[in-house]
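Understanding the architecture of this molecule
This is what each chain is made of:
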Amino acid sequence: MNRLRAELPQRMQEPLESLFETFRQQRLAAGAKQLDSSADVPSDRGKGSDSGGLDTFFAWFFRGEGPENVVSGANIQRRFIQRGTVLATFFSDNYVADVMRCEPAEVEGRLGKLLGLTPAALIEVLQKAAGRFLSGGAKRQTRADRFEAVQAAAIELLKDKKCHFQEEARVAWHERFERQVHANPAAQASDIDGLLSVETFFTKLRQRPELRAALWPDPVDDCATKRFREREWRGSMLASVARLGHAFIDLYVLVAARLKSLDQQSQQRGSEDDVASNTDQISEYLDLLEQQRITDRNARGWRAFDELVAVAANFDLIVDVNAPDVRDQHVDDAARDFGGLLGRQQPVGGMSGKVNETLVRQFRMPGYPLVLFSTDLLQEGEDLHTFCSSIHHYGISWTPSSMEQRTGRIDRVRSHSDRRFSDLHVDSLCGDEKLQVYFPHLEDTVEVFQVHRVLDRMNVFLRLMHEGLTVAKVEQRTINTSDEFAKARKPPEQIRGRLKTAFPVRESHLIGTRKTLAATNRIQRQIHERFNGLARHELSGLTIQWEPAVTAGVLMGTAKLKQRIQPFTLILDSIDHFPCVRCISPVGRVDPGCEMEAVLHAASTSPMKIGAIVRKDDRSYDLTTEGEVLLGGNDSANRKRVADLICRVVHDADTLEFELLPGRDESLDKFREELRKEMSHDD
């Protein structure tokens, strides 16, 4: 509330104070009865509309529907996801500009020149091609949908054009746009004028190298597909954090300040849906983040930049603890997961009775909730360590192991404290830099003795665990207050010295014969380079369209066989410690469990190795042909052997497809995702 008072224009202060009073009155009225906490706690289901709540002003003003007839945080937040507004493309990306390494304003001219088309002819081609990515049943094609469609159409043209940008365009097509082709497409896009030139948050962020390095660092990987995926994942999380939770307050102030008042009608009359105005807002937001970056945090407080930079710096950790399956998903699915993870945030959260996984996952983020209250429900089984360095034991347990369990929720490897220690590079730490454990209690009550007794027992417990597995003396589970008052003891001293283990490692334990690895890193690199070189050279007797490399040790491509095509994948493997190349070519869905006789009859014309999956899974294929050859040290001989292997395997697969699935000639697109999994042997 103080942030809004300090940063919104003077003309908005009076209606703002009126909103504060309205919130107080509604909260007081609701306080007369039991509040339904389910409205204020993120749902584990992740479905349904957000009803906001009266728990905090943030929940009331920035979540749910927000107060009526007011330009609330909730109102502006919705405009970022409503497909018809200009703000809907605020956090999009201009992929064509990125692939062609130019500014958005230059895209149309450069693309037309590359394709040999006049500006009018280019628009006509794109308008028709973009129809494939729009629904034919839609009553109106929204601006955001048309922007996505024209991006997809341009990327598709680039991936099919022999040019310097083809490989990057192929990656963008397969990873981002391939799935967006509609089953019931529109005839064409209604209006695409200027959509290739749209500036977005990410196109402008690329123009600020230092800010980009802090918020959206470019991934480092030899694989173009992996770089693209991580860039998309990072961008999706950055956008979700920026428009949800604490970081959105800065963005709200920026957007609202451009209006004449907080009256909702001023938003409808305003110019926030003007393209030029939207571009200005993006620049202003980046200017704000840049200013926060160069200003000392103690002078400005915790702001949007701090939350965004914490997400960027700890991206891998956040994904590991909150969304480990994201790396196996399509980039669009990952974006939806991040939005679900960060929705319905609240500054302070709490739970009892049942673990709320969404709230726990949000606490493992650098933003809201900043404080998490819980009973002993979270004593075990949950990691809360990623951005938390202090714990308050409002209720103490008699057993030291239980206290250690509770503290252990934040005292873990890769914890906030652990990472901070790693960055300090000093021999000694001051008290505030360490993990903070508090035992709140009332002075001059029996609680003082209870805390002292527990701290005593914890010291004994620590020493026993390290110095020897002896049995501690038997202690009473009751406290004699008369004795304790008479002793007038000070709080037990904390163990600060190094603990000694009962199982020391002696010098004699370290004596032995040091052996070298059978396969060193240098040999591994040489084998991988030899394998990757197969796609860089022409293979005798074959015409192959290779796919961009996705995973180390896997190459995918499509062989052209006269009038037909046949996809395949090569996998780097080993046979009895010798490197080999395994080739797999999918036939399709045949149901070999029921059609085994037909499969054997079709394969009787020539010897072949067949892979069959008899489970009833929803797969794109359940029958393959396979083969393998050793990978030697002579590259020329390797190419000859692998060429023969591919020729044999794809010919066998095409023969089976022709016999068992007449009329079919499937492309790699149908099988790509499941072929990528072949190396893991999970299926």
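The model shown is predicted, which means the values in this text are computed figures rather than measured ones.

1. Notes on helix α19 (residues 331–342)
Counted at 1.5 Å a residue, the expected span for α19 with its twelve residues is 16 Å, and the 17 Å between its end C-alpha atoms agrees. Elements in contact with the buried residues of α19: α9 (166–177), α12 (224–243), α18 (315–322) and α20 (357–363). Downstream of α19 by one or two residues, R344 has phi in the positive range, about 60°.

2. Here's the deal with empty space enclosed by the protein
Counted by the stated rule, this structure contains three cavities of 30 Å³ or more. Here the largest cavity defines a volume of roughly 60 Å³. Forming the boundary of the largest cavity are P548, A549, V550, T551, V554, L555, M556 and R676. Considering each element in turn, the lining of the largest cavity owes the most residues, three residues, to strand β6 (residues 554–561). Tallied by class, the residues present in the lining of the largest cavity amount to six nonpolar, one polar and one charged. By volume, the second largest cavity is sized at about 50 Å³. As for the second largest cavity, its lining consists of L215, R234, M237, L238, L308, V311, A312 and F315. Elements with a minimum of two residues in the lining of the second largest cavity: α12 and α17 (304–313). Considering only residue class, the lining of the second largest cavity consists of seven nonpolar, no polar and one charged.

3. Side note on the environment of G112
By the secondary structure assignment, G112 is in helix α6 (residues 107–115). Placed 54 residues apart in sequence, G112 and F58 show a C-alpha to C-alpha distance of 48 Å. Dropping the residues within four chain positions of it, G112 is found in contact with L117 and L122.

4. A look at helix α21 (residues 400–407)
Since there are 3.6 residues in each turn of an α-helix, residues three or four apart along the chain are aligned in direction. Considered for burial, the residues of α21 that qualify are P400, S402, M403, R406 and T407. Take α21 and look down its axis: the buried residues cluster within an arc of 160°, on one side only. On its buried face, α21 sits against β3 (390–392), β4 (436–438) and α23 (446–467).

5. Quick notes on the nonpolar core
Among the nonpolar cores identified, the biggest contains 68 residues, and L4, F91, F201, Y252, Y285 and L289 are the most heavily contacted of them. Ranked by residue count, the leading element in this core is helix α13 (residues 248–256), at eight residues. Non-local contacts of L289, meaning those with residues more than four positions away in its chain, are made with F201, L211, L215, A304, F305 and L308. By size, the runner-up hydrophobic cluster in this structure holds 35 residues, among which are A97, L126, A149 and A169.

6. A closer look at the pattern of salt bridges
For the structure shown, the criterion picks out 45 salt bridges. Between R5 and E17 there is a salt bridge, with its nearest N and O atoms 2.6 Å apart. You can see R5 sitting in helix α1 (residues 2–7) and its partner E17 sitting in helix α2 (residues 13–31), a full twelve residues away along the chain. Exposure remark for R5: the relative accessible area of 29% places this residue in the partly exposed category. Put simply, E626 and R582 hold a salt bridge, and the shortest N to O gap is 3.6 Å. With E626 in strand β10 (residues 623–630) and R582 in strand β8 (residues 578–588), the pair connects residues that are 44 residues apart, well separated along the chain.

7. Considering the confidence of the model for the protein chain
Low-pLDDT portions of the prediction should not be read for the details of their coordinates. Summarising the model, the protein chain shows a mean pLDDT of 86, and 90% of its residues fall at 70 or more. This model gives residues 34–41 a pLDDT under 50, and the stretch forms 14 contacts once residues within four places in sequence are excluded.

8. Side note on the side chain of R176
By the secondary structure assignment, R176 is in helix α9. Assessed through its relative accessible area of 9%, R176 is described here as buried. Here Y95 takes part through its side chain, which lies 2.9 Å from a polar atom of the side chain of R176. Aside from chain neighbours lying at most four places away, what touches R176 is Y95, E148, V171, F228, E232, H330, V331 and D332.

9. Examining the sheet that holds strand β5 (residues 544–546)
The strand order β5-β6-β7-β8-β10-β9 describes an open sheet built from six strands, whose pairing is antiparallel. With partners counted over all chains shown, the strands left at the sheet margins are β5 and β9 (609–612), one partner each. Strand-to-strand twist across the sheet, computed as the mean angle between neighbouring axes with direction ignored, equals 30°. Relative to strand β7 (residues 564–575), β6 runs antiparallel, the two sharing eight bridges. Residue pairing across strands places G557 opposite F568, the latter belonging to β7. This element, helix α27 (residues 635–660), spans β5, β6, β7, β8, β9 and β10 of the sheet and lies at about 165° to β10. The sheet contacts of helix α28 (residues 668–676) involve β6, β7 and β8, and relative to β6 the element is tilted by about 155°.

10. Some words on the side chain of N638
Its location among the elements puts N638 in helix α27. Polar side-chain contacts of N638 include one of 2.7 Å to the side chain of R641. Each residue touching N638, except ones within four places of it in the same chain, is listed here: R530, L534, L630, L631, G632 and G633.

11. Considerations on the packing of α12 against α17
Between α12 and α17, the least distance of the axes is 10 Å, while the angle of their chain directions is 155°. Judged by the angle between their axes, α12 and α17 are roughly antiparallel. Considering only the axes of α12 and α17, their crossing is right-handed. Contact with α12, carried on its side by R234, M237, L238, V241 and A242, involves E307, L308, V311 and A312 of α17 and no other residues of that element.

12. Brief notes about the packing of aromatic side chains
Under the counting rule described, the total for this entry stands at 26 aromatic pairs. Ring geometry for F201 versus Y285: centroids 5.9 Å apart, planes at 45°, classification tilted. Residue F201 is located in helix α10 (residues 201–205), and its partner Y285 is located in helix α15 (residues 275–294); the two are separated by 84 residues in the primary sequence. Its relative accessible area of 0% is what places Y285 among the buried residues. Ring centres of F202 and W216 lie 4.6 Å apart, and the angle between their planes is 50°; on these two criteria the pair is classed as tilted. Here F202, found in helix α10, pairs with W216, found in the loop between α11 (209–215) and α12; they are 14 residues apart in sequence, far enough to count as distant. You'll find F202 and W216 in the same group, each marked buried. Between R419 and the ring centre of F387, over which it is positioned, the NZ or CZ distance is 5.2 Å.

Criteria and cut-off values
Residues numbered from 1 in each chain as written. Predicted model: local features only at pLDDT ≥ 70, side-chain atom pairs only at ≥ 80, totals over all residues. Heavy atoms only, no water. Helix = DSSP H or I, 4+ residues; strand = E, 2+ residues; numbered from the N terminus. Expected span 1.5 Å × (residues − 1). Contact = heavy atoms within 4.5 Å. 1 Å grid on protein atoms, 1.4 Å probe; cavity = no way out; pocket = protein on both sides within 12 Å on 5 of 7 lines; lining within 4 Å. Points joined across faces, edges and corners; volume = space filled by probe spheres on them. Nonpolar A, V, L, I, M, F, W, Y, C, P; charged D, E, K, R; others polar. Buried < 20%, exposed > 50% of the residue type's maximum accessible area, 1.4 Å probe, protein only. Arc of directions from axis to C-beta. Core = buried A, V, L, I, M, F, W, Y, C linked by side-chain atoms within 4.5 Å. Salt bridge = Lys/Arg side-chain N within 4 Å of Asp/Glu carboxyl O. pLDDT = per-residue confidence, 0-100. Polar contact = N/O pair within 3.5 Å; in protein donor to acceptor, adjacent residues only side chain to side chain. Pairing = 2+ DSSP bridges. Axes fitted to C-alpha atoms, helices over the stretch in contact; angles between N-to-C directions. Parallel < 35°, antiparallel > 145°, perpendicular 65-115°, else oblique. Left-handed = near helix turned anticlockwise from the far one by under 90°. Phe/Tyr/Trp six-rings, centres within 6.5 Å; stacked < 30°, edge-to-face > 60°. Lys NZ or Arg CZ within 6 Å of the ring centre and 35° of its normal.

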